[in-house]
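# An overview of the molecular structure
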Number of protein chains: 2
Amino acid sequence: MPVTIKDVAKSAQVSIATVSRVINNKGYISQKTRKKVYQAMNQLHYTPNIAARKLQSKHTATIGVILPSLDNPLYSELFENVEKYLAVANYQTLLCTSNNQPEREQKYFSLLQANQVEGIITSSHSKFFIQQDLNNYPIICFDRSISKNIPSVRSNNYLGGQKIAKVIIHKNKKNILILSGSKEDLNPINDRIKGMLSIFQNVDTNVQTIALDFDSSLLVKKLLIQKILSTHHFDAICCTDDLTALLVLSFTKSQNHPPLITGYDGSTFVQTLFPDLLTVKQPIGPMAELMCDLLLAKIQNPQQNFETEYVFPISLTQ
Amino acid sequence: MPVTIKDVAKSAQVSIATVSRVINNKGYISQKTRKKVYQAMNQLHYTPNIAARKLQSKHTATIGVILPSLDNPLYSELFENVEKYLAVANYQTLLCTSNNQPEREQKYFSLLQANQVEGIITSSHSKFFIQQDLNNYPIICFDRSISKNIPSVRSNNYLGGQKIAKVIIHKNKKNILILSGSKEDLNPINDRIKGMLSIFQNVDTNVQTIALDFDSSLLVKKLLIQKILSTHHFDAICCTDDLTALLVLSFTKSQNHPPLITGYDGSTFVQTLFPDLLTVKQPIGPMAELMCDLLLAKIQNPQQNFETEYVFPISLTQ
C-alpha cells in the first residue's frame, strides 16, 4: 500500500496540516518540526507527489530563469542574486541556458511551463520570445524588450557608452576600436555603441567598429582578437562587455605601450580580480531584486500594470 | 472546451502520434514538421500537460544538476558541458545552486524529484546527500563520494597536489603557503593538500596551511587574503583552486618580487584569460561527458553495476 501523508503525520507525531505546510513550504514551521517531518518522510520513503498536486494547485513556488550562457560572470552573478532574493520569498529557482538558440529556448520555455513554474525571468538573446503570445504569462526580461506588456529591466546602455567615450576623449586617444561581443540586432550592446559614437563623432577621432560572434567559444573569440590586434594598432579599445575586454587585455597587458582597454558590466567577479579595468558598472544586485519583485507582483496580480522599461543608472569604476 | 492534442494534429495537418513525438521529443521528426506542430500549438495556445502525463509516464527527458555556486568558472563550465552532452541525447537540464546549505540542497532535491527529473548530477558540498537513502535513485557525484552505490567522478587530486609541489621544489622555493578555499571535511581539496605535503615533507621547506571559508563572498575572501599577505612573506603560495589563486594574484602581480602563485582546476575561462598561471588542469569536458553517460546508463538500467570512483588523470598547464 502506498505511503500517504497520513502515515507521515502519524510517524512525525504532527498533524496532517503541518506535514502539508512543510511540503508546500507555506506558513511558519519551526526548524525542529520541519526536521521531524523530513525524517519521517525519509524513513517512510515518502515523496510528495507534486505532479499530482500540480493538477489541483498552481502554487508551485518555483520560478524559471533562462539565460544565454554562464561564460560571462554577469549572468552567473545575475542568477545568484535572483536565486538569493527568490529564496527569501520562499521561492525556488530553476536555471536553463539556451546558448541563444531559438530552438533550445523554445524547448526550455515549454519545459518550464510544463513544470508549472509560476513565472519566468529571461535574458534571451534570440527572437523566439518576441514571436510568442505571452501577454497572460508572468515574465520579466533582462536587458531587452519583448513587447509593451512585458516589463524589461536594463541599465542605461546609451549613457554608459557616452561616459566611457568621454574618458577616452579626455585621455586624448585618437585611434579607437569599438569591439562588440555580439552581432545581434536586438542586443543592448547596440545602444552602448550608439552612445560611444554620439561622443566620438564630435571630435577628431578615427573610429572603427568590429563585431565578434556572441556564440563563439572563448578560444575562438581570442583567436579573432589576436588576428585584429596583429594587423592594426589602436590607442584605445572600447569593448562592449567585460569578457571581451579581458580577452583583449590578455594580449595587450605585456605590451610596452598598451592601448587603453575599457569594458561594460562591472560584475563583482571582474571588479575583484581586475580592479584596474575601466568599465561601466551595472547595478546587478538591485536589478535582480527589482526583477524578482516585479515577477512576484505580476504572479499575485496578473492584471496589474507595470512600466515597459526600468532603466537603472550606471557609473564608471574609475 | 480545452484544446486537445487532436486539435493540434488537425491544425498542423499531421497525425496525433507525430504531435506526441514532438511533445515527448521521441523518435525522428524533421525540422519542418516540428516547426508546423509548434506553430499549431502556439496558435491554439496549447500547452502539453506534462504534469498530467507525468502521472502516467516516467520519461520526462529532464535531468537535474545541483552545484554549490556559479562563482567558480569550474562549475559554470561543468554545467555548460553537461547541458551540451545531455542535449545531444535529447535531454533537458535544470540547474539549482545550493550555496552548500544542507537545507537548500534538501529543498532542491525534493523539487527536482517532484518534477520527476530522471536523474541528478550533484557536486554537493554538504553532508545532506550522505544522510539520504539514495540507492535506488539515479545519481552521479562530481568530486566527492556519497556512498559505495553512487558513482563519483573526480580528477586525481592527490597526484595534482604532488605535481604542483614538485614544481615548487624544483624552483627552489622554501617558504610556502598552502591556501585552501574550503574548510570542509569532505572536500576534494584535502587530497590536494595531502599530495602537496607528501612532497614538501621530504625536503627542507617551511610550510604553512591556511583555510578560507568556502562560502564567503569573493570580497570577504579578498580581504582575508589581503590580511594574510600584509603580515607574512612567502616564496610560493599554492592555492587549492584557481579562483583563490586569481584573488592572490590581484595583490601580488604588481610586487617587485612576487611569490610564485599556483592554482587547481584549469577551466578554459582561466586558461584563456590567465595563460601564465601555473595550475592543474582537470579534464572538465571528458568528466562531464562521463557523468552524463553513467547517468543515462543508470536510468536505462538501474540494476547495472558501476565503479564507485572514476578518477581522471590531470596535467599541469606549464
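What you see is a predicted model; the values in this text were computed from it and never measured.

Residue and element names in this part refer to chain A. Spatially, the 4 strands line up as an open sheet ordered β7-β6-β8-β9, and their pairing is parallel. The open sheet has two edge strands with one neighbour each: β7 (206-211) and β9 (260-262). Each strand of the sheet is rotated relative to its neighbour by a mean of 15°, with strand direction disregarded. Where strand β6 (residues 175-180) meets β7, 6 bridges bridge the pair, whose relative direction is parallel. Each bridged residue has a counterpart across the sheet, and for L179 the counterpart in β7 is I210. Against the sheet, helix α8 (residues 189-200) contacts β6, β7 and β8 (236-239), and its axis sits at roughly 170° relative to β6. Relative to β9, helix α10 (residues 242-252) is tilted by about 160°, and along the sheet it contacts β6, β8 and β9.

What follows covers the relation of the copies chain A and chain B. The operation relating chain A to chain B is a screw motion whose rotation component is 180°, with 0.0 Å of axial translation and a residual RMSD of 0.1 Å. Classification of the inter-copy transformation places it as that of a two-fold axis. Take the interface residues of chain A: 100% of them recur as interface residues in chain B, which is what a same-surface contact looks like.

The next point concerns the pattern of salt bridges. Summed over the entire model, instances satisfying the criterion amount to 9 salt bridges over all chains. Where D143 of chain B meets R192 of chain B, a salt bridge forms, and the shortest distance between an N and an O atom there is 3.6 Å. Of this pair, D143 of chain B sits in the loop between β4 (139-142) and β5 (152-155) while R192 of chain B sits in helix α8 (residues 189-200); the two residues are 49 residues apart in sequence, bridging distant segments of the chain. It is possible to trace a salt-bridge network through shared partners that takes in D143, R192 and D265 of chain A.

Before going further, it helps to spend a moment on the pairing of β8 of chain A. All names here are of chain A. Of the two faces of β8, the one lined by A236 and C238 and the one lined by I237 and C239 are each fully buried. Two strands pair when backbone bridges link them, and β8 and β9 are joined in this way by 3 bridges, in the parallel orientation. Counted as the bridge partner of C238 is T262 from β9. For the segment spanning β8, α10 and β9, crossover handedness is right-handed.

Okay, the sheet that holds strand β6 (residues 175-180) of chain B next. Residue and element names in this part refer to chain B. Read across the sheet, 4 strands follow the order β7-β6-β8-β9 without closing on themselves; strand pairing throughout is parallel. Of all strands in the sheet, those with a lone pairing partner are β7 (206-211) and β9 (260-262), marking the two edges. Between one strand axis and the next, the sheet turns by 15° as a mean value, whatever way the strands run. The sheet contact formed by β6 and strand β8 (residues 236-239) spans 4 bridges and is parallel. By the bridge assignment, L179 is partnered in β8 with C239. Where helix α10 (residues 242-252) meets the sheet, it contacts β6, β8 and β9, and its direction lies at approximately 160° from that of β9.

Positionally, L70 of chain B belongs in the loop between β1 (62-67) and α5 (73-88). Under the relative-accessibility criterion, L70 of chain B is labelled buried at 1%. The sequence separation of L70 of chain B and N99 of chain B amounts to 29 residues, and the corresponding C-alpha distance is 9.1 Å. Each residue touching L70 of chain B, except ones within four places of it in the same chain, is listed here: L70, S76, F79, E80 and L95 of chain A together with S76, L95 and T97 of chain B.

Let us now look at the interface of chain A and chain B. In this complex, chain A contributes 56 residues to the contact, which on the side of chain B involves 56 residues. The tally of links between chain A and chain B comes to 2 salt bridges. In this structure, R104 of chain B engages E83 of chain A in a salt bridge whose closest nitrogen and oxygen atoms are separated by 2.4 Å. Linking chain A with chain B are 13 residue pairs in polar contact (both at pLDDT 80 or more).

Tallied over the full model, the rule gives 4 aromatic pairs over all chains. Between the aromatic rings of F109 of chain A and Y137 of chain A, the centroid separation amounts to 5.8 Å while the plane-to-plane angle is 80°, which identifies the pairing as edge-to-face. You can see F109 of chain A sitting in helix α6 (residues 102-114) and its partner Y137 of chain A sitting in the loop between β3 (119-122) and β4 (139-142), a full 28 residues away along the chain. Given the relative accessible area of 5%, F109 of chain A is considered buried. By relative accessible area, which is 14% here, Y137 of chain A ends up buried. Between F269 of chain A and F269 of chain B the ring centres are 5.7 Å apart and the planes differ by 70°, which places this aromatic pair in the edge-to-face class. Taken together, the residues F269 of chain A in helix α11 (residues 268-273) and F269 of chain B in helix α11 (residues 268-273) connect one chain to another. No difference in accessibility class separates F269 of chain A from F269 of chain B, as the two residues are buried. The residue whose ring lies beneath K84 of chain B is Y85 of chain B, and the NZ or CZ to ring-centre distance is 5.4 Å. Over the face of the ring belonging to F251 of chain B we find K222 of chain B, whose NZ or CZ atom lies 5.5 Å from the ring centre.

Conventions we followed
Residues numbered from 1 in each chain as written. Chains lettered and ligands numbered in written order. Predicted model: local features only at pLDDT ≥ 70, side-chain atom pairs only at ≥ 80, totals over all residues. Heavy atoms only, no water. Pairing = 2+ DSSP bridges. Helix = DSSP H or I, 4+ residues; strand = E, 2+ residues; numbered from the N terminus. Axes fitted to C-alpha atoms, helices over the stretch in contact; angles between N-to-C directions. Contact = heavy atoms within 4.5 Å. Least-squares fit on C-alpha atoms with pLDDT ≥ 70 in both. Salt bridge = Lys/Arg side-chain N within 4 Å of Asp/Glu carboxyl O. Buried < 20%, exposed > 50% of the residue type's maximum accessible area, 1.4 Å probe, protein only. Right-handed = clockwise from strand over helix to strand, strands pointing away. Polar contact = N/O pair within 3.5 Å; in protein donor to acceptor, adjacent residues only side chain to side chain. Phe/Tyr/Trp six-rings, centres within 6.5 Å; stacked < 30°, edge-to-face > 60°. Lys NZ or Arg CZ within 6 Å of the ring centre and 35° of its normal.

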